[in-house]
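For reference, the chains in residue letters:
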Amino acid sequence: MAKTAELIIDGKSYTFPIVVGSEGEQGIDISNLLESTGTVTLDFGYKNTGATKSAITFLDGDKGILRYRGYSIEDLADKSSFLEVSYLLIFGDLPSPEQLTKFTTDIKNHTMVHEDIKKILDGFPSTSHPMGVLASLFCAQTAFYPEALDPNRAAEGVYLSMIRSLAKMPTFAAWAFKNAVGHPVNYPDNSLDYCSRFLKMMFALPAEDFEIDPVVSSALDKLLILHADHEQNCSTSTVRIVGSSKASIYSSISAGINALWGPLHGGANQEVILMLEQIKKDGGDTDKWINKAKDKNDPFRLMGFGHRVYKNFDPRAKIIKKAADDVLEKLGVNDPTLEIARKLEEVALRDPYFIERKLYPNVDFYSGIIYRALGIPVDMFTVMFAIGRLPGWIAQWKELRENKEPIGRPRQIYTGANFRPYVALDKR
Ligand code: ACO
């Protein structure tokens with residue numbers, strides 16, 4: 001028998017269907033709540049609200065499970081590649097060898113960006129944060145490909161926009177970095193794979209040979225896989241809500257990049273390194289900083305700790321911690337902040353404050369340490385996250401479109417002044 005939920009308001013009972021997902025998770029379908037009861041739900045931060053049905057990513061925060069299209073993050077991080085995972089997220093199944101070759105070639109064919117985009121880049125001062133530059137350049141594609149503004153265009157056109165997005169993202173990202181350091185930009189070298197191409201655009205200097213270190217390139221590929229999707233998080237929900245107004249893929253994703261930028265979301269990886277540096281400079285007393293994080297009168301939070309949905313452990317953090325050890329060892333990097341990170345984790349995991357609140361290291365706690373070992377500057381950490389999250393945003397935008405979802409428009413409980421007559425300026 002189909003499950004239902006009963007809600008009693010002022011003594012009157014209302015029944016709502018319960019929707020059950022493919023992994024057994026349940027949601028009370030309140031689509032007609034307002035119509036039938038005259039009330040709405042109130043849920044700050046959408047902590048209990050399912051905004052959509054999605055077949056892309058499954059996560060179980062209590063058990064620490066994360067799967068893309070049914071495949072475990074552990075398997076994908078170990079055996080797959082970022083472009084294969086991108087295909088999987090966007091199209092729903094692992095590609096055949098032919099499909100992957102076509103997808104990879106299509107991406108290679110679109111890595112160049114219009115020269116006029118460089119003029120836009122030149123307008124940014126070198127003090128600009130690369131995330132702001134990235135969001136702007138990404139959105140600027142609406143000007144160069146105005147056909148993408150048509151929400152009803154044919155599937156080939158939508159495919160091309162998705163390919164362009166994936167192809168140009170590393171170019172925009174590397175150029176945002178070059179702008180920040182005041183260097184001339186590098187053009188994409190299509191003889192290289194996705195990550196190596198990005199690294200060359202980031203680090204190659206004119207008239208110098210640039211050798212790709214396979215350790216760096218494959219570590220980066222793994223990091224991108226770990227960030228590729230995470231169901232209805234802040235930036236993805238932003239992409240979906242902007243996309244729901246039938247805005248173009250470029251403007252929807254640009255909005256997602258901006259949402260990711262905040263320190264409580266993708267910006268946390270940058271904040272973690274800044275925090276570890278600060279603790280190191282302060283003498284490395286981890287107990288002191290743990291106490292600060294627990295003090296409700298102190299705004300300091302332990303960055304890289306806690307997660308809205310993972311209340312046991314973040315499976316990505318486990319993989320990243322091991323990857324950080326491997327990469328640092330292979331590259332021969334001795335990073336003292338890693339020691340501080342380990343100490344913080346050890347102390348926090350034994351402390352009742354963190355245990356009671358189920359605060360564990362999240363994906364960002366160790367990713368910054370790897371990025372730094374790979375030579376990526378701190379300001380670029382969140383940009384790296386954005387490169388990784390791009391296929392997820394694309395897949396979610398595509399799903400929203402295919403499901404013909406209505407425009408996102410939450411309600412509110414108004415708490416302002418009641419009606420009052422306007423008072424003319426000279427009477428106030
Ligand atoms: N350090 C110290 N205390 C914390 C931390 C932290 N990092 N995170 C949560 N808490 C405490 C809160 O003060 C609160 O305590 P209280 O119940 O005594 O008031 C309790 O734990 C619950 O915290 P909320 O902020 O209500 O939890 P929420 O689910 O809203 O926030 C968030 C999750 C934003 C990730 C939070 O844990 C945080 O700010 N962490 C640090 C930033 C961070 O690492 N963000 C990256 C998240 S992962 C990602 O986006 C990829």
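These figures come from a predicted structure and were not determined experimentally.

What counts and how
- Residues numbered from 1 in each chain as written.
- Predicted model: local features only at pLDDT ≥ 70, side-chain atom pairs only at ≥ 80, totals over all residues.
- Heavy atoms only, no water.
- Near = heavy atom within 4 Å.
- Polar contact = N/O pair within 3.5 Å; in protein donor to acceptor, adjacent residues only side chain to side chain.
- Areas by Shrake-Rupley, 256 points an atom, 1.4 Å probe, with all protein chains shown as cover.
- Nonpolar A, V, L, I, M, F, W, Y, C, P; charged D, E, K, R; others polar.
- Pairing = 2+ DSSP bridges.
- Helix = DSSP H or I, 4+ residues; strand = E, 2+ residues; numbered from the N terminus.
- Core = buried A, V, L, I, M, F, W, Y, C linked by side-chain atoms within 4.5 Å.
- Buried < 20%, exposed > 50% of the residue type's maximum accessible area, 1.4 Å probe, protein only.
- Domains from an automatic or database assignment.
- Contact = heavy atoms within 4.5 Å.
- Axes fitted to C-alpha atoms, helices over the stretch in contact; angles between N-to-C directions.
- Parallel < 35°, antiparallel > 145°, perpendicular 65-115°, else oblique.
- Left-handed = near helix turned anticlockwise from the far one by under 90°.
- Patch = residues over 30% accessible without salt bridge, like charges linked within 9 Å, V, L, I, M, F, W, Y side chains within 5 Å.
- Salt bridge = Lys/Arg side-chain N within 4 Å of Asp/Glu carboxyl O.
- Phe/Tyr/Trp six-rings, centres within 6.5 Å; stacked < 30°, edge-to-face > 60°.
- Lys NZ or Arg CZ within 6 Å of the ring centre and 35° of its normal.

A. Region of interest: the site of the ligand. The environment of the ligand is made up of 21 residues, and the closest members are Arg301, Leu302, Gly304, Arg308 and Tyr353. Arg301 places a side-chain nitrogen or oxygen 2.7 Å from an oxygen atom of the ligand. Interatomic distance of 2.9 Å between a side-chain N/O atom of Tyr353 and a nitrogen atom of the ligand. With the chains in place, 78% of the 920 Å² that the ligand exposes on its own is no longer accessible. Residue composition of the shell around the ligand, grouped by class: 10 nonpolar, five polar and six charged.

B. Layout of the sheet that holds strand S5 (residues 65-68). Read from one edge of the open sheet, three strands run S4-S5-S6, paired in antiparallel fashion. Looking along the sheet, the strands with just one partner apiece sit at the ends: strand S4 (57-60) and strand S6 (71-72). Judged from the two bridges that link them, S5 and S6 form a sheet pairing that is antiparallel. Opposite Arg67, over in S6, you have Ser72 as the bridge partner.

C. A look at the nonpolar core. Ranked by size, the top nonpolar core spans 110 residues in total, and within it Phe198 and Leu302 carry the most contacts. Residue contributions to this core peak at 12 residues, all from helix H7 (residues 155-181). The two domains that each donate at least three residues to this core are domain 2 (81-262 + 383-402) and domain 3 (268-374). Among all residues touching Phe198, those that are not within four sequence positions of it are Pro170, Ala173, Ala174, Leu220, Ile376, Met380, Met384 and Ile387.

D. Focus on the sheet that holds strand S1 (residues 4-9). The antiparallel open sheet is built from three strands, whose spatial order is S1-S2-S3. Single-partner strands in this sheet number two, and they are S1 and strand S3 (26-28). Pairwise comparison of adjacent strand axes, ignoring direction, gives a mean angle of 30 degrees for this sheet. Sheet analysis places strand S2 (residues 12-20) next to S3, joined by three bridges and oriented antiparallel. The residue bridging Val19 from the neighbouring strand is Gly27, located in S3.

E. Looking closely at the domain arrangement of the chain. The domain boundaries assigned to the chain delineate domain 1 (4-50), domain 2 (81-262 + 383-402) and domain 3 (268-374). Taking only C-alpha atoms into account, the centre of domain 1 sits 38 Å from that of domain 3.

F. Quick peek at the packing of helix H14 (residues 315-331) against helix H17 (residues 363-373). Between H14 and H17, whose axes approach to 8 Å, the crossing angle comes to 20 degrees. By the criterion of interaxial angle, the relationship of H14 to H17 is roughly parallel. In terms of crossing hand, the pair formed by H14 and H17 is left-handed. Note on element contacts: H17 touches H14 through Val363, Tyr366, Ser367, Ile369, Ile370 and Ala373, opposite Arg316, Ala317, Ile320, Lys321, Ala323, Ala324, Val327, Leu328 and Leu331. Class assignment for the residues of the contact of H14 with H17 results in 12 nonpolar, one polar and two charged.

G. The side chain of Thr382, seen in detail. Mapped onto the fold, Thr382 is located in helix H18 (residues 381-402). What Thr382 contacts, discounting residues up to four positions off in sequence, is Met131, Leu260, Trp261, Gly266, Gly267, Asn269 and Gln270.

H. Inspection of a nonpolar patch on the surface at higher detail. Taken together, the side chains of Leu42, Phe44 and Ile413 make up a nonpolar region of the molecular surface, amounting to roughly 370 Å² of accessible area. Given the relative accessible area of 54%, Leu42 is considered exposed.

I. Inspection of the environment of Lys358 at higher detail. As for its placement among the helices and strands, Lys358 is situated in the loop between helix H16 (352-356) and H17. According to the relative accessible area criterion, Lys358 is partly exposed, its value standing at 40%. Along the chain, Lys358 and Glu147 lie 211 residues apart, while their C-alpha atoms are 47 Å from each other. Contact partners of Lys358, with chain neighbours within four places excluded, come to Tyr310 and Lys311.

J. Main features of the packing of aromatic side chains. Scanning the entire structure with this criterion turns up 16 aromatic pairs. Measuring from centroid to centroid gives 5.1 Å for Phe305 and Phe365, while their planes differ by 85 degrees, and the two rings are edge-to-face. With Phe305 in the loop between helix H13 (286-294) and H14 and Phe365 in helix H17, the pair connects residues that are 60 residues apart, well separated along the chain. Neither Phe305 nor Phe365 differs from the other in exposure class; each is buried. Between the aromatic rings of Tyr371 and Phe381, the centroid separation amounts to 5.5 Å while the plane-to-plane angle is 40 degrees, which identifies the pairing as tilted. Separated by 10 residues along the polypeptide, Tyr371 in helix H17 and Phe381 in helix H18 bring together distant segments of the chain. Using a relative accessible area of 0% as the deciding quantity, one classes Phe381 as buried. A connected cluster of aromatic rings, assembled from ring pairs, spans Phe305, Tyr353, Phe354, Phe365 and Tyr366. For the cation-ring pair, Arg164 lies above Tyr145, with the distance from its terminal atom to the ring centre recorded as 3.7 Å.

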